[in-house]
Amino acid sequence: MTFDAPTVIRTKRDGGRLSDAAIDWVIAAYTDGRVADEQMSALLMAIVWRGLDRGELARWTAAMLASGERLDFSDLGVPTVDKHSTGGVGDKITLALVPLVAACGAAVPQASGRGLGHTGGTLDKLESIAGFTARLSNPRVRDQLRDVGAAIFAAGELAPADAKLYALRDVTATVESLPLIASSVMSKKLAEGAGALVLDVKVGSGALTASEAQSRELAHAMVELGAAHGVPTRALLTDMNRPLGATVGNALEVAEALEVLAGGGPPDVAELTVRLAAEMLELAGIGDRDPARALRDGTAMDRFRQLIAAQGGDLSVPLPVGACAETVTAPRGGTMGDIDAMAVGLAAWRLGAGRSRPGHPVQPGAGVRIHRRPGEPVAAGEPLFTLYTDIPERLGAAMAELDGGFSVADTPPLSRPLIVDRIAP
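Here the structure is a predicted model, which is why all the values come from computation and not from measurement. (Residues numbered from 1 in each chain as written. Predicted model: local features only at pLDDT ≥ 70, side-chain atom pairs only at ≥ 80, totals over all residues. Heavy atoms only, no water.)

*Asks:* When you look at the overall build of the chain in this model, what are you seeing that I'm missing?
*Replies:* A count of helices and strands for the chain gives 16 helices and 13 strands. Here the C-alpha radius of gyration of the chain, 21 Å, is about what a compact globule of 425 residues would show, namely 22 Å. If you line up the chain on its principal axes, its C-alpha atoms span 70 × 50 × 40 Å. When burial is assessed residue by residue, the chain has 55% of its 425 residues classed as buried. (Helix = DSSP H or I, 4+ residues; strand = E, 2+ residues; numbered from the N terminus. Rg over C-alpha atoms; globule rule 2.2 N^0.38 Å. Buried < 20%, exposed > 50% of the residue type's maximum accessible area, 1.4 Å probe, protein only.)

*Asks:* Explanation requested: the side chain of Thr94 in the structure shown.
*Replies:* In this fold, Thr94 is placed in helix 5 (residues 93-103). For Thr94, a relative accessible area of 5% gives the class buried. Non-local contacts of Thr94, meaning those with residues more than four positions away in its chain, are made with Lys83, Pro99, Gln110, Thr122 and Ile152. (Contact = heavy atoms within 4.5 Å.)

*Asks:* Explain the nonpolar core to me, please; I cannot follow it from the model alone.
*Replies:* Formed by 72 residues in total, the largest nonpolar core has its most connected members in Val101, Leu307, Val368, Phe385 and Leu387. Here this core gets eight residues from one element, more than from any other, and that element is helix 5. Excluding its chain neighbours within four sequence positions, the residues that come into contact with Leu387 are Cys324, Ala325, Glu326, Val328, Leu351, Gly367, Val368, Leu395, Ala398, Met399 and Leu402. (Core = buried A, V, L, I, M, F, W, Y, C linked by side-chain atoms within 4.5 Å.)

*Asks:* Any chance you could explain helix 5 here in plain terms?
*Replies:* An α-helical segment advances 3.6 residues per turn. Residues three or four places apart therefore align on the same side. Judged by how many residues are buried, helix 5 sits mostly within the fold: ten of eleven residues are covered. Trailing helix 5 by a residue or two, Gly105 shows a phi angle of about 115 degrees, which is positive.

*Asks:* Where do I start with the sheet that holds strand 9 (residues 367-370) in this structure?
*Replies:* Adjacent strands of a sheet pair through backbone hydrogen bonds, lying either parallel or antiparallel. The strand order across the open sheet formed by four strands is 6-9-11-7, and the pairing between neighbours is antiparallel. In the strand order of this sheet, the two ends are held by strand 6 (247-249) and strand 7 (324-329), each with one partner. This sheet shows a mean twist of 15 degrees between the axes of neighbouring strands, independent of strand direction. As paired elements, strand 6 and strand 9 share three bridges and run antiparallel to each other. Along strand 9, the bridge assignment pairs Thr247 with Arg369. With respect to the sheet, helix 15 (residues 341-353) is in contact with strand 6, strand 9 and strand 11 (383-389), its orientation differing from that of strand 9 by roughly 135 degrees. Strands in contact with helix 16 (residues 395-402) are strand 7 and strand 11; relative to strand 11, the strand with the most contacts, it is inclined by about 145 degrees. (Pairing = 2+ DSSP bridges. Axes fitted to C-alpha atoms, helices over the stretch in contact; angles between N-to-C directions.)

*Asks:* I would appreciate a short explanation of the pairing of strand 2 (residues 108-112) in the present structure.
*Replies:* Each regular strand shows side chains that alternate between the opposite faces of the sheet. Buried residues dominate strand 2, accounting for five of its five residues. Where burial is concerned, the two faces of strand 2 agree: the one with Val108, Gln110 and Ser112 and the one with Pro109 and Ala111 are both buried. As defined by bridge partners, strand 2 adjoins strand 3 (residues 150-154) across five bridges and the pair is classed as parallel. Paired with Val108 across the bridge in strand 3 is Ala150.

*Asks:* Looking at this model, I keep getting lost on unusual backbone geometry. Mind explaining?
*Replies:* Unusually for a residue other than glycine, Ala159 sits at a positive phi of about 45 degrees. The phi dihedral of Ala173 falls on the positive side, at around 55 degrees, and the residue is not glycine. Mapped onto the fold, Ala173 is located in the loop between helix 8 (160-170) and helix 9 (178-191). Among the residues examined, Ala173 registers a relative accessible area of 59% and is labelled exposed.

*Asks:* Would you explain the side chain of Asp82 in this entry?
*Replies:* Structurally, Asp82 can be placed in strand 1 (residues 82-85). Under the relative-accessibility criterion, Asp82 is labelled buried at 0%. Setting aside its immediate chain neighbours within four residues, Asp82 contacts Val108, Pro109, Gln110, Ala111, Lys189, Glu192, Ala194, Ala196, Leu197, Val198 and Met280.

In short, shape yes, function no, at least from these values alone.
Below you can see the structure in the form of structure tokens.
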């Protein structure tokens, strides 16, 4: 059959079902440039409004997976496992988690992405380290897994259709679509060759999905896609109503991850890192290892330093900090109330920590430092947030995003569990 972009767009726009052949064609044609960005943008928006049924989602994912190579590390002699987060505000978990799991005896091939919407990208964060490169050839990934036990790299030839779609979604307001999120995550993760996968699916105001029900639906869809491709997969639903940790940005989050690897850091970041590590090790068949001990005794930090050095990074060079800063102070004394994750995420984006079009550079030193967490005592005039950027004109818009995103009250806010649920096949 022959296809054309307007017909495929019109079919989905009008609520029709895309055939397997139509999906195969449009993904391949977009990947090699026969379908233009504006045409794919229209199709993505139609999918946002009309969705994809289970069969369409499975085929869309398989077509993206087939657009590039699929790695195989079954000959390494150690179990391979990876983790993926659906993205959140202050979510720097991968930075400490990958070397932690490697220090416990598994190999972690981590194909990561850049910032998407208001959420930060792991590669953007790591590239704030002087000299670090995420561009690794497939042979180099294999060598690094053998030598270091972990690699964090740009997907490259893995699911190249996803790389193009990922960047396009970021600038066309088509990020928050369950089938597009699920297919993006799973095509990339299935291609990277890990033997098992743990998903961190965010729930709350700062998540890509608006409700707990949607987050559950997304988690189930991805777990099913993993199982269908022979990769044992499970998911944790975790809270994203508040920012994770005390920093949001690129270099700021690297510094906080280093605190966690040193055995400290914010309690929520440390807790989630250890819990996800335990899930990954169990799924990899080495659940008797103790990730908390690997943080305490320094072996996880040693592995992180090896990983960074192997990818050209130099941790002796100070991490960048935005040249211009603005502090938000407490209007009154009391107790820090809730902090809205979305407000902080958008403020960091306005400051330059994220991008507004594909390929646009981010500011490594831009971001927000949170001085008081929900429930902590606050004195009038005390610093609550510090905003950093290299472009002073950005501070006003960032302050406006943050306005109304926090409160100081007489009583502490209700506490919520960090881990909401666990979803397995």
